[in-house]
Amino acid sequence: MFFELGLALAALHFGVPLGYYAVAKRWLRRDWGIREDGGYRPKVSVIIPTYNEAEHIAQRLENVAQSYPRDKLEVVVVDGASTDGTAEIAEKWAEKAGVDVKVVREERREGKAKSLNRALGLATGEVVVIADADALWAPDALRRAVAKLADPSVGAVSCVKRPIGGPGIEEGYRGFYNALRVAESKAWSTPIFHGELAAFKREALEAVGGFPTDIGADDSHAATLIALRGLRAIVADDVLCMETVPEEGYHAWRIRRAQHLIQHFAKAVPLLRKAPRPFRAVLAAEAYLHLVNPWLLLTAVALLLASAFMGNILATAFLGTGALMLLYKPYRTWIVAQIYLVAASVRNLRTKEIVWNKQIKRGRRRC
Ligand code: GDD
Ligand code: MN
């Protein structure tokens, strides 16, 4: 009985995502169905939220300043009471930059989303772009994102990410998820955005009330709300960001990000029935993969273990094979992601990590 149930849950755990990826592969071959305009030049407000980014902020400002015509660019650095001189560095940079840079200093650190909303209130651009301080954009990333926003059906555009530094597992994981986000976007929209570059039509962002402050994945949730209202929210494969991966505290970093995604999907599920048709399937699948599927694996392993202890040889063989397969990297990457998701759900019961500890990032940074 334990054995059969364990097997059925394991089959479901691996079968549903495999089925979903088979569908996603077909989506990946589709056309975008978007009319881009490389000459579209709206005024752009780039918001850089910072907390103790002294090491990164100057290079990041330089990177942003080179990404768009300066007369159409406004930068708002919103600093959450850094203690390492980040705001001073940004202010100094602003004095001689020849770019419109505002530096907002908050008295207390209250989390990234609140800062974003504060900056949104000051931003005057038609397009608002979130740019995490510890990331870098490819030189044409912003222009390519803006070109897509020229299409009236597109409300928000985010990037694919290339990891810099960190353990090898991060690269395999990234390549896979980049492709998945692009596939979902081609189908219509993706519910997962990246704060390294998240570009929004300002009007669309304001229509959903700005960034939610009660959950961590503010960027993904705002994009999802925009998609629920009928505009596309896409991750584009020609919009590239480099993100620094922590060398220390990697697990804590992955678990915190998973916590935020879980919060985002838990908040999005009740809205599912409002989703436009092609987005409903994507949102339902991703919510299932983040909220439910990891638990099926855990339960399956527990049941098979119980069955093996009771002398079921098939159960032992099954678990042995599952353990051996950990030598195969894609499988190992998958299992590790499931462990992060389970750990994150448990941790969410204790803290939502709306204000989080800074990870130490020593990755090499190159554009
Ligand atoms: N103003 C302000 N206040 N900025 C903050 C705060 C804060 O309390 N906390 C972090 N930041 C800034 C950081 O300085 C960085 O520029 C950006 O917000 C993202 O923070 P990181 O510490 O680099 O987090 P991450 O790389 O793991 O964040 C990713 O995942 C988050 C969700 O878990 C990004 O995609 C984020 O955009 C996303 O919210
Ligand atoms: Mn970061």
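The model shown is predicted, which means the values in this text are computed figures rather than measured ones. (Residues numbered from 1 in each chain as written. Chains lettered and ligands numbered in written order. Predicted model: local features only at pLDDT ≥ 70, side-chain atom pairs only at ≥ 80, totals over all residues. Heavy atoms only, no water.)

This paragraph deals with the environment of Thr224. Considering the arrangement of structural elements, one finds Thr224 in helix 8 (residues 218–228). Contact partners of Thr224, with chain neighbours within four places excluded, come to Pro191, His264, Ala268, Phe279 and Leu283. (Helix = DSSP H or I, 4+ residues; strand = E, 2+ residues; numbered from the N terminus. Contact = heavy atoms within 4.5 Å.)

What follows concerns the coordination of the manganese ion (ligand 2). For a metal with four donors in a tetrahedral arrangement, the ideal angle between donors is 109.5 degrees, while six donors in an octahedron ideally sit at 90 or 180 degrees. Coordination of the manganese ion (ligand 2) by the protein involves Asp134 (OD) and Asp134 (OD), with metal-donor separations of 2.2 to 2.7 Å. In this fold, Asp134 is placed in the loop between strand 4 (127–130) and strand 5 (135–137). (Donors = N, O, S within 2.8 Å, 3.2 Å for Na, K, Ca; no water.)

Turning our eyes to something else, we now look at the layout of surface pockets. Here the largest pocket is characterised by a volume of approximately 470 Å³. What lines the largest pocket is a set of 20 residues, among which Phe14, Leu297, Val301, Tyr331 and Ile335 lie closest to the centre. Counting residues per element, the ones that place at least two in the lining of the largest pocket are helix 1 (2–28), helix 11 (293–309), helix 12 (313–324) and helix 13 (329–348). The element best represented in the lining of the largest pocket is helix 11, accounting for six residues. Of the residues assigned to the lining of the largest pocket, the class counts are 17 nonpolar, three polar and no charged. Considered as a void within the structure, the second largest pocket measures approximately 360 Å³ in volume. Broken down by secondary-structure element, the contributors of at least two residues to the lining of the second largest pocket are helix 1, helix 6 (169–187) and helix 13. Sorting elements by how many residues they give to the lining of the second largest pocket places helix 13 first, with five residues. (1 Å grid on protein atoms, 1.4 Å probe; cavity = no way out; pocket = protein on both sides within 12 Å on 5 of 7 lines; lining within 4 Å. Points joined across faces, edges and corners; volume = space filled by probe spheres on them. Nonpolar A, V, L, I, M, F, W, Y, C, P; charged D, E, K, R; others polar.)

Take the sheet that holds strand 4 next. Read across the open sheet, the eight strands follow the order 3-2-1-4-7-6-8-5; overall the sheet is mixed. The open sheet has two edge strands with one neighbour each: strand 3 (100–105) and strand 5. For this sheet the average axis-to-axis angle between neighbouring strands, irrespective of direction, equals 25°. Pairing of strand 5 with strand 8 (residues 232–244), which is carried by three bridges, proceeds in the antiparallel orientation. In the strand pairing of strand 8, Leu136 is matched with Met242. Across the face of the sheet, helix 4 (residues 112–122) comes into contact with strand 1 (44–50), strand 2 (73–79), strand 3 and strand 4 while running at roughly 150° to strand 1. (Pairing = 2+ DSSP bridges. Axes fitted to C-alpha atoms, helices over the stretch in contact; angles between N-to-C directions.)

This brings us to the site of ligand 1. Among the 24 residues in the neighbourhood of ligand 1, the closest are listed as Pro49, Glu53, Lys112, Arg256 and His260. In this structure, an oxygen atom belonging to ligand 1 sits 2.7 Å away from a main-chain N or O atom of Pro49. Ala133 has a polar backbone atom sitting 2.8 Å from an oxygen atom of ligand 1. Given that more than half its atoms are within 2 Å of the pocket grid, ligand 1 belongs to the largest cavity. At the level of secondary structure, the elements contributing two or more residues to the shell around ligand 1 comprise strand 1, helix 4 and helix 9 (250–268). A total of four residues in the shell around ligand 1 trace back to one element, the largest contributor, which is helix 9. Split into classes, the residues belonging to the shell around ligand 1 amount to six nonpolar, seven polar and 11 charged. (Near = heavy atom within 4 Å. Polar contact = N/O pair within 3.5 Å; in protein donor to acceptor, adjacent residues only side chain to side chain. Sits in = over half its atoms within 2 Å of the grid points.)

Spanning 17 residues, helix 11 covers 25 Å between terminal C-alpha atoms, matching the ideal 24 Å at 1.5 Å per step. Within the span of helix 11, buried status applies to Asn293, Pro294, Leu296, Leu297, Ala300, Leu303, Leu304 and Ser307. Where helix 11 ends, the next residue or the one after it, Gly311, has phi of about 95°, a positive value. (Expected span 1.5 Å × (residues − 1). Buried < 20%, exposed > 50% of the residue type's maximum accessible area, 1.4 Å probe, protein only.)

Our next topic: the nonpolar core. Of all hydrophobic cores here, the largest spans 58 residues; its most connected members are Tyr20, Phe200, Phe211 and Phe279. Of all hydrophobic cores here, the second largest spans 42 residues; its members include Val44, Val75, Leu149 and Val239. (Core = buried A, V, L, I, M, F, W, Y, C linked by side-chain atoms within 4.5 Å.)

Counting across every chain of the model gives one cavity of 30 Å³ or more. Considering only enclosed or pocket space, the largest cavity measures out at about 950 Å³ in volume. Along the wall of the largest cavity there are 50 residues; nearest its centre are Lys161, Glu196, Arg256, Arg257 and His260. Elements supplying a minimum of two residues to the lining of the largest cavity: strand 1, helix 4, helix 6, helix 8, helix 9, helix 10 (277–291) and helix 13. Examining the composition of the lining of the largest cavity, we find that seven residues originate from one element, helix 9, more than from any other. For the lining of the largest cavity, the class distribution of residues is 21 nonpolar, 11 polar and 18 charged.

By themselves these figures say nothing about function.
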